[in-house]
Structures are given as structure tokens and as C-alpha cells.
Amino acid sequence: MTAPLTPPHQPRHDPWQTPPDGASGDPGSRGSLPGDPSDTGAGVGAEVRTGVVVTVVLAVAGVLLGLLWLWLSPRIPLVSDDTAVFLKDTEGEEAIGADGTFALLGLGFGAVAAAAVFLFRRRGGVAVVVGLVLGGLVGSFLAWKVGVWLGPTSDVVAHAREVGKGVTFDAPLKLNAKGALLAWPVAAMVVNLALTAVFGPRDPEPEWDWSGFGGVPPGAGKP
């Protein structure tokens, strides 16, 4: 007699057998598993795109900041006597007021931008914060240039000759304190991080496996 080729306690394997539900011989038809690198790459790509959009929008908003700065900044009056140009009010604080106006507007724009981005994307993320900071820097720079460009001419001598002797005219709009350019990005970053920390989504609580304790957490029955 010849011994059977298949052990008596093991079922025969049919190569043409239909696989059970949820299984497939084709690796491409199995779908993505949790933690699949393709899912991670898609999430990172979406986050980067959001950061780029935030940067572009804030940069464009810098034009509005420049217009508001030009409108709200106090003017510095100058006067000429045909030989030189002088400050009409030597004790005026208009120059400091222009810097303060720019800084306050930057803080307001940064807070509003951070709140709007948080409402749009509550999860936050590194790319969103980078977009807020970079967009705030670009927007502040554009606002500075727009305000100076649309403001009074920087050629003070030619302007004095044009208006004539003893006639008051406005000095060019300047930003003496360049640190005011950081007001927008700093405010945007701080407000966004604060909103994310307070109102952002929370990570789910970990589920512990108590099977080794009979399904009951240790100390659950103690008074």
C-alpha cells in the first residue's frame, strides 16, 4: 500500500478555490491599509497646498494694509524757505505715529488672518503656520512699499520748489522702525497656535487591552 500524500487532518488545497470575502489575489484590489504611505503622502500634499494658498492670500492682503496705512497714518508737515526744508512742528510725533499705525494694523491683520485660517482648517499643521508667517512677512513688505509708493513723493527738494516758499506740504511716508514688519506674522502665528491649542480637535483616548486581567482594569473592584 502507498501512504496518502496529504495528511489526514489537513484539508486539500484547491488552487481554483474562490477566496473569502474581503480577500483577493490581486494586491491592487485590497485597498489602502491604515498607515499606508500613500495616505500619508496625500495628507502632506493637501497640507502643503493649504499653506501655499494661505501665503498667497495674505501676500495679496498686504496691498489693503498698505492702503490703510497710507490713509490712517498722520502726516508730517514740512515747510521751505527757498534755501532748506524744515519741520513745521519740531516737537511733533507724526513719524512715531506712522510706525505705530503700521504695527497696530499688522497686529490686527495677523489676528484676523489666523482666526480665518483656523475656521477654515481647525487641525492646524506645520504648513499652515509656515504659510501664516511667510504670508504675513510678504504682506507686510508689500504694504510698506505700497504705502510709500502711493504716498507723498520722496523728492522733498523738488516738492518744496513746486509748492513754493512758506507753503506747508507733507513729508514722504516712511517706516523708520523696521521691526513693525514683524507685527503681522508674529500675531498670526501666536493667535493660530493659541486657537488650535484651545479649540482644536483632540486626539482620541488610547484603548487599553485588559484581556490579561480578565477584561477588568486593575483596582476596579477596590473601594
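Everything in this summary refers to the structure shown in the same document.

Here we take up the environment of Leu 65. Its place among the elements puts Leu 65 in helix H1 (residues 37-72). In the structure, Leu 65 is positioned 78 residues away from Ala 143 in sequence and 5.4 Å away in space, judged by C-alpha atoms.

Helix length check: helix H5 (residues 183-199) (17 residues) gives 24 Å between terminal C-alpha atoms against 24 Å at 1.5 Å per residue, within 8%. Among the residues making up H5, those that are buried are Ala 183, Trp 184, Pro 185, Ala 187, Ala 188, Asn 192 and Leu 195.

As a further point, take the pattern of salt bridges. Under the definition given, this model contains 1 salt bridge. The partner of Asp 170 in a salt bridge is Arg 75, and the shortest N-O contact between them spans 4.0 Å. Of this pair, Asp 170 sits in strand S3 (residues 169-170) while Arg 75 sits in the loop between H1 and strand S1 (77-80); the two residues are 95 residues apart in sequence, bridging distant segments of the chain. Taking relative accessible area as the criterion, Asp 170 reaches 30% and is therefore assigned partly exposed.

Here S1 shows one buried face, formed by Leu 78 and Ser 80, and one open face, formed by Pro 77 and Val 79. The sheet contact formed by S1 and S3 spans 2 bridges and is antiparallel. Bridge assignment links Pro 77 to a residue of S3, and that residue is Asp 170.

Further remarks concern the packing of helix H3 (residues 126-150) against H5. Contact pair H3 / H5: the axes reach a minimum separation of 7 Å and the direction vectors enclose 155°. Accordingly, the angle class assigned to the pair H3 and H5 is roughly antiparallel. Judged by the twist between their axes, the crossing of H3 over H5 is right-handed. Contact with H3, carried on its side by Val 129, Leu 132, Val 133, Gly 136, Leu 137, Gly 139 and Ser 140, involves Trp 184, Pro 185, Ala 188, Met 189, Asn 192 and Leu 193 of H5 and no other residues of that element. When its residues are assigned to classes, the contact of H3 with H5 shows 9 nonpolar, 4 polar and no charged.

A separate point is the packing of aromatic side chains. Enumeration over the complete set of coordinates arrives at 3 aromatic pairs. Each ring, one from Trp 69 and one from Phe 102, has its centre 5.1 Å from the other, and the planes form 80°; the classification is edge-to-face. Here Phe 102 lies in helix H2 (residues 94-120) and Trp 69 lies in helix H1, a separation of 33 residues in the sequence. Neither Trp 69 nor Phe 102 differs from the other in exposure class; each is buried. Where Phe 141 meets Trp 144, the ring centres are 5.8 Å apart and the plane angle is 80°; that geometry is what we call edge-to-face. Taken together, the positions of Phe 141 and Trp 144, both in helix H3 and 3 residues apart, correspond to about one turn of that helix. The class for Trp 144 is buried, based on a relative accessible area of 16%. Taking NZ or CZ as reference, Lys 145 lies 4.1 Å from the ring centre of Trp 144, over its face.

Conventions we followed
- Residues numbered from 1 in each chain as written.
- Predicted model: local features only at pLDDT ≥ 70, side-chain atom pairs only at ≥ 80, totals over all residues.
- Heavy atoms only, no water.
- Helix = DSSP H or I, 4+ residues; strand = E, 2+ residues; numbered from the N terminus.
- Expected span 1.5 Å × (residues − 1).
- Buried < 20%, exposed > 50% of the residue type's maximum accessible area, 1.4 Å probe, protein only.
- Salt bridge = Lys/Arg side-chain N within 4 Å of Asp/Glu carboxyl O.
- Pairing = 2+ DSSP bridges.
- Axes fitted to C-alpha atoms, helices over the stretch in contact; angles between N-to-C directions.
- Parallel < 35°, antiparallel > 145°, perpendicular 65-115°, else oblique.
- Left-handed = near helix turned anticlockwise from the far one by under 90°.
- Contact = heavy atoms within 4.5 Å.
- Nonpolar A, V, L, I, M, F, W, Y, C, P; charged D, E, K, R; others polar.
- Phe/Tyr/Trp six-rings, centres within 6.5 Å; stacked < 30°, edge-to-face > 60°.
- Lys NZ or Arg CZ within 6 Å of the ring centre and 35° of its normal.

By themselves, these observations are geometric and do not establish any function.
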